[in-house]
Amino acid sequence: MEKIGVIGAGSFGTALSQTISNNVKNVFLYSRRKEICETIIKSGYNSEYYPNTKLNKNIIPTNNLKDLKNCSAIFICVPSAGFRKILKKLKEIGVNNEVILVTTAKGIEYPSLNTMGNIIKEYFDIEYVALSGPNFASEIMLDLASICNIASKNLKNSIKIKNVLKTDKFKIEIIDDVIGLEFCGVIKNINAIAYGICEGMEINENARYAILNRGFNDTKNIILNIGGLKSTVDKYCGFGDIVLTSTSKESRNHTLGMLYGQRIIVDEKSSGIVFEGKNSIKAIKAVCDKYKINSVIVDFVYDVIIKKNLPKLAFKELWNKL
Ligand SMILES: NC(=O)c1ccc[n+]([C@@H]2O[C@H](COP(=O)([O-])OP(=O)(O)OC[C@H]3O[C@@H](n4cnc5c(N)ncnc54)[C@H](O)[C@@H]3O)[C@@H](O)[C@H]2O)c1
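Here the structure is a predicted model, which means the values were calculated and not measured.

1. Brief notes about the domain arrangement of the protein chain
For step 1, the next point in the chain: Splitting the protein chain by domain gives domain 1 (3-176) and domain 2 (179-321).
For step 2, the next point in the chain: On the domain 2 side, the residues contacting the 23 residues of domain 1 number 23 residues.
For step 3, the next point in the chain: Those elements that provide at least two residues to the side of domain 1 that touches domain 2 are helix H4 (116-123), strand E6 (129-132), strand E7 (146-152) and strand E8 (170-175).
For step 4, the next point in the chain: The element contributing the most residues to the side of domain 1 that touches domain 2 is E7, with four residues.
For step 5, the next point in the chain: Among the residues forming the side of domain 1 that touches domain 2, the class breakdown is 14 nonpolar, seven polar and two charged.

Structural data, given as structure tokens:
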């Protein structure tokens, strides 16, 4: 593939562009904000996200989505809340049905409960590829050893995307459970918030890991009930991502949980800090209700974050259910 597009010049889109640029002639990196393109053109740096790492020369920043029209594959690296807007625009500019679209967003649309893949299917009759794994963008940008899973109903598309992404350091494992992979990326945020709440409340470590273990099993049960494979939760996009996001101080959702555990409520509008996991809680709770799935971890997080119950009482209730 000669020409690849990446939409979203944030942490993950920029890091993926850098990786992909090792394998293809040109990477068109679309930024909604013109000033990011201008800075990259002028200095070679996406200074807002990576002030210390120069972008490879074959990464071409653009503020015009039409520049991505003839790309063989397009990676969509915007948060799930902006995903549908991007699909509408891609349709408007007339992206062809041969393009391979890759979703990297870890979220579910609420209240429709569409996965990002379902949204792609509404606009394009193609077999998309979904990507998920225990991948902090900053580590990918620094070319540190990482692995992710990708899945598609069309194996040929997965193989093409693997070849675009893989380097000596960045390994790609193809799996065949698209829905399971997409849901792992969302439910891990709920596990991370649950673990963070417990840490914020200074719950002892034995209990915290018991909660994490229960969250892992609840994740398997949810994925099985929505039509995925339990074994997907054992993969990098499952176990690896759940543990990384739950226990690392770098994780936004772990931080969100910690703050609620300490009874500090974050005003996302005024702070500008967006926690994708927070939007996912309502969606996953609705999925559990729809499929009549019982998840004590989802209920715990829902009670604390959405119903604003006292973490101490919510934890007591959770513990009684284990
Ligand atoms: N698959 C993985 O392993 C993995 C790893 C990290 C992040 N992610 C996912 O990638 C997505 C992006 O995460 P991030 O960490 O890069 O976030 P970020 O906030 O650093 O960057 C997101 C970028 O998208 C842009 N954006 C938002 N809405 C847009 C729209 N409608 N049109 C154009 N641009 C828009 C923002 O301006 C920003 O530059 C999230 O869904 C996240 O969960 C996936």
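Right, picking up where we left off after that structure.
2. Notes on the sheet that holds strand E5 (residues 100-103)
Pairing between the strands of a sheet comes from backbone hydrogen bonds, and it takes one of two forms, parallel or antiparallel.
For step 1, the next point in the chain: The mixed open sheet is built from eight strands, whose spatial order is E3-E2-E1-E4-E5-E6-E7-E8. Each edge of the open sheet is held by one strand with a lone partner, namely strand E3 (59-62) and E8. Strand-to-strand twist across the sheet, computed as the mean angle between neighbouring axes with direction ignored, equals 25 degrees.
For step 2, the next point in the chain: With five bridges joining them, strand E1 (residues 3-7) and strand E2 (residues 26-30) adopt parallel strand pairing. Paired with lysine 3 across the strands is asparagine 26, a residue of E2.
For step 3, the next point in the chain: Lying over the sheet, helix H6 (residues 155-165) contacts E1, strand E4 (73-76), E5, E6, E7 and E8, oriented at roughly 155 degrees with respect to E7.

3. Section: the packing of helix H7 (residues 178-200) against helix H12 (residues 276-290)
For step 1, the next point in the chain: It is the contact of H7 with H12, at a shortest axis distance of 9 Å, that shows an interaxial angle of 105 degrees. By the angle between their directions, the pair H7 and H12 is classed as roughly perpendicular. Counting all contacts with H7, which are made through Val186, Ile187, Asn189, Ile190, Ala192 and Ile193, the residues of H12 involved are Glu276, Gly277, Ser280, Ile281 and Ile284.
For step 2, the next point in the chain: In terms of residue class, the contact of H7 with H12 is built from seven nonpolar, three polar and one charged.

Thresholds applied
- Residues numbered from 1 in each chain as written.
- Predicted model: local features only at pLDDT ≥ 70, side-chain atom pairs only at ≥ 80, totals over all residues.
- Domains from an automatic or database assignment.
- Contact = placed C-beta atoms within 7 Å.
- Helix = DSSP H or I, 4+ residues; strand = E, 2+ residues; numbered from the N terminus.
- Nonpolar A, V, L, I, M, F, W, Y, C, P; charged D, E, K, R; others polar.
- Pairing = 2+ DSSP bridges.
- Axes fitted to C-alpha atoms, helices over the stretch in contact; angles between N-to-C directions.
- Parallel < 35°, antiparallel > 145°, perpendicular 65-115°, else oblique.

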